[in-house]
Amino acid sequence: MNNRIAVVPGSFDPPTLGHIDVIRRAAALYDELHVLVVHNPGKEAMLPIAQRLTLLEQSIAEEGVVGNVIVASWSVGLLVDYAQDVNAGVLVKGIRSQVDVAYETPMAIVNRHLAEIETVFLLPDPAHALVSSSLVRQVAALGGDVSPFVPGPVARFLDTGAGSAPRG
């Protein structure tokens, strides 16, 4: 596997400025970066995967992320299976707090055991450290202004009311 190819996985439901910050910084570190929308069977999604892919692509372009960034989705099999398919040697995860570290560490160890894939944790820009997709979903569902927390394409999409109802 190639340690110059990395995968940033997430549900991105919806994409936030924190996600874009991690994607931007990871794109500068790796020759090829796969931003992977993964299906989480434990969560009811607000946005369908196809919409998340579109919003990520638009947000990455509009926010001026530079690098070889590929946006894709994965819903069958292990994350390490996708990483192996694209020859990635690194998973990049954004972590906001010790809670994220506690959640992500066992997965990082298992992924290294399963496929010899390393996990790199990136700390957020302090401006985005407390923002999560869950928080954005709550604010949007109650009619609040999410524009300080999400890229323009996401804010415009949610502002139309199109993203307020839960969907698969």
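Residues numbered from 1 in each chain as written. Predicted model: local features only at pLDDT ≥ 70, side-chain atom pairs only at ≥ 80, totals over all residues. Heavy atoms only, no water.

A. Broad picture of the layout of surface pockets. Estimated volume of the largest pocket: approximately 1,200 Å³. Along the walls of the largest pocket sit 43 residues, with Pro-9, Gly-10, Ser-11, Tyr-103 and Glu-104 positioned nearest its centre. Of all the secondary structure elements, the ones that give two or more residues to the lining of the largest pocket are β1 (2-10), α1 (17-29), α3 (79-85), β4 (88-94), α4 (98-115) and α5 (133-141). Among the elements that take part in the lining of the largest pocket, α4 stands out by supplying eight residues, more than any other. (1 Å grid on protein atoms, 1.4 Å probe; cavity = no way out; pocket = protein on both sides within 12 Å on 5 of 7 lines; lining within 4 Å. Points joined across faces, edges and corners; volume = space filled by probe spheres on them. Helix = DSSP H or I, 4+ residues; strand = E, 2+ residues; numbered from the N terminus.)

B. Expanded view of the side chain of Glu-104. With respect to the secondary-structure elements, Glu-104 resides in helix α4. Its relative accessible area of 12% is what places Glu-104 among the buried residues. If sequence neighbours within four positions are ignored, Glu-104 has contacts with Lys-93, Ile-95 and Phe-121. (Buried < 20%, exposed > 50% of the residue type's maximum accessible area, 1.4 Å probe, protein only. Contact = heavy atoms within 4.5 Å.)

C. Structural view of α1. Here α1 spans 19 Å end to end across 13 residues, near enough to the 18 Å set by a 1.5 Å rise per residue. Those residues of α1 lying buried are Leu-17, Gly-18, Ile-20, Asp-21, Val-22, Ile-23, Ala-26 and Ala-27. Along its buried surface, α1 packs onto β1, β2 (32-38), α2 (49-62), β3 (69-74), β4 and β5 (118-122). At the N-terminal end of α1, a side-chain oxygen is found 3.2 Å from the backbone nitrogen of Gly-18, two or three residues along, and the residue is Thr-16. (Expected span 1.5 Å × (residues − 1). Polar contact = N/O pair within 3.5 Å; in protein donor to acceptor, adjacent residues only side chain to side chain.)

D. Looking closely at a nonpolar patch on the surface. Residues Leu-78, Val-110 and Leu-114 make up a contiguous nonpolar surface patch of about 260 Å² in total accessible area. Mapped onto the elements, Val-110 comes out in helix α4. Relative accessible area serves as the criterion here: at 44%, Val-110 is assigned to the partly exposed category. (Patch = residues over 30% accessible without salt bridge, like charges linked within 9 Å, V, L, I, M, F, W, Y side chains within 5 Å. Areas by Shrake-Rupley, 256 points an atom, 1.4 Å probe, with all protein chains shown as cover. Salt bridge = Lys/Arg side-chain N within 4 Å of Asp/Glu carboxyl O.)

E. Region of the structure containing the packing of α2 against helix α6 (residues 152-159). As a packed pair, α2 and α6 sit with axes 7 Å apart at the nearest point and diverge in direction by 135 degrees. Compared by their axis directions, α2 and α6 come out oblique. Listed contacts from α6 to Gln-51, Leu-55, Gln-58, Ser-59 and Glu-62 of α2 are Gly-152, Pro-153, Val-154, Arg-156 and Phe-157. Broken down by class, the residue content of the contact of α2 with α6 amounts to four nonpolar, four polar and two charged. (Axes fitted to C-alpha atoms, helices over the stretch in contact; angles between N-to-C directions. Parallel < 35°, antiparallel > 145°, perpendicular 65-115°, else oblique. Nonpolar A, V, L, I, M, F, W, Y, C, P; charged D, E, K, R; others polar.)

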